[in-house]
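Overview (structure and organization)
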Amino acid sequence: MRRLLTTLVILLVVLVAGMSALVLLVNPNDFRAYMVTKVEQKSGYHLTLDGDLRWHIWPQLSILAGRMTLTAPGATAPVVSAENMRLDVKLLPLLSHQLFVKQVMLKNAVIRLTPDSEEQTQPDAPIAPAG
């Protein structure tokens, strides 16, 4: 029984030390440009993140961001804006400095479906042929 307890304590210490090292060695702000670029490549929308990104450990390893907005190309108003954004990430890809997001949660999100938030085409943009 004593060996089992000792083993569990050692495992807990190693886990806490590993999570602390990850938080200290990997800066979540390094992923800011990557996130903005990926959102723009995949959807065409422009993501804006205000403030610094920071780690959130419990109950899920996450990256917290402050105010965020998502704007359609050429739009004057954002389609989605939120007071806070939380990205739940996987631990193992972070060890090789890669970001894998499992879930995105928004706090106090506002979705605007108005003419100002719709995608605007440029008047001098070429028109694709029909079909």
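Report on the accompanying structure. For clarity, every value in this text was computed on a predicted model and none was experimentally measured.

Here we take up the overall build of the protein. Across its full length, the protein carries 3 helices and 8 strands. Seen in sequence order, the protein has helices and strands lined up from the N terminus as α-α-β-β-β-β-β-β-α-β-β. Against the compact-globule benchmark of 14 Å for 131 residues, the protein has a radius of gyration of 20 Å, which places it well outside the compact range. The buried share of the protein, reckoned over its 131 residues, is 27%. Total accessible area on the protein is roughly 9,400 Å²; 62% of this is exposed by carbon and sulfur atoms. The averaged location of the 10 negative side-chain charges in the protein is 19 Å from the averaged location of its 12 positive side-chain charges.

This paragraph deals with the sheet that holds strand β8 (residues 110–111). The strands that make up a sheet pair up through hydrogen bonds in the backbone, lying either parallel or antiparallel. Taken in spatial order, the 4 strands of this open sheet run β1-β4-β5-β8, and their pairing is antiparallel. Only two strands of the sheet have a single neighbouring strand rather than two, namely β1 (46–49) and β8. Together, β1 and β4 (68–71) form the strand contacts of helix α2 (residues 32–43), whose direction differs from that of β1 by roughly 155°.

Here the idea is simple: oppositely charged side chains can pair when their charged atoms come close. Following the criterion strictly, the structure yields 1 salt bridge and no others. For Asp-88, the salt bridge is made with Arg-86, and the minimal N-O distance between the two is 3.0 Å. According to the relative accessible area criterion, Asp-88 is buried, its value standing at 4%. Under the relative-accessibility criterion, Arg-86 is labelled partly exposed at 23%.

As a further point, take the pairing of β1. Alternating positions in β1 separate cleanly, Leu-47 and Leu-49 being buried on one face and His-46 and Thr-48 remaining unburied on the opposite face. Pairing geometry for β1 and β4, over 4 bridges, is antiparallel. Its bridge partner lying in β4, Leu-47 is registered against Leu-70.

For the rest of this paragraph, the subject is helix α1 (residues 2–25). For α1, which comprises 24 residues, the first-to-last C-alpha distance of 34 Å matches the rise-based estimate of 34 Å (1.5 Å per residue) to within 8%. Burial analysis of α1 places just 2 of its 24 residues in the buried class, a small minority of the element.

A word on the layout of surface pockets. Empty space within the largest pocket amounts to approximately 270 Å³. Around the largest pocket, the lining comprises 14 residues; the ones closest to its centre are Met-35, Val-39, Leu-87, Val-101 and Val-104. Of all the secondary-structure elements, those providing two or more residues to the lining of the largest pocket are α2, β4, β6 (84–89) and β7 (101–107). Ranked by residue count, the leading element in the lining of the largest pocket is α2, at 4 residues. Lining the second largest pocket are Met-19, Ile-57, Trp-58, Pro-59, Gln-60, Leu-61, Val-89 and Leu-91. In terms of residue class, the lining of the second largest pocket is made up of 7 nonpolar, 1 polar and no charged.

Cut-offs and rules
Residues numbered from 1 in each chain as written. Predicted model: local features only at pLDDT ≥ 70, side-chain atom pairs only at ≥ 80, totals over all residues. Heavy atoms only, no water. Helix = DSSP H or I, 4+ residues; strand = E, 2+ residues; numbered from the N terminus. Rg over C-alpha atoms; globule rule 2.2 N^0.38 Å. Buried < 20%, exposed > 50% of the residue type's maximum accessible area, 1.4 Å probe, protein only. Areas by Shrake-Rupley, 256 points an atom, 1.4 Å probe, with all protein chains shown as cover. Lys, Arg positive; Asp, Glu negative; His and termini not counted. Charge placed at Lys NZ, Arg CZ, Asp CG, Glu CD. Pairing = 2+ DSSP bridges. Contact = heavy atoms within 4.5 Å. Axes fitted to C-alpha atoms, helices over the stretch in contact; angles between N-to-C directions. Salt bridge = Lys/Arg side-chain N within 4 Å of Asp/Glu carboxyl O. Expected span 1.5 Å × (residues − 1). 1 Å grid on protein atoms, 1.4 Å probe; cavity = no way out; pocket = protein on both sides within 12 Å on 5 of 7 lines; lining within 4 Å. Points joined across faces, edges and corners; volume = space filled by probe spheres on them. Nonpolar A, V, L, I, M, F, W, Y, C, P; charged D, E, K, R; others polar.

Keep in mind these values describe shape, not function.
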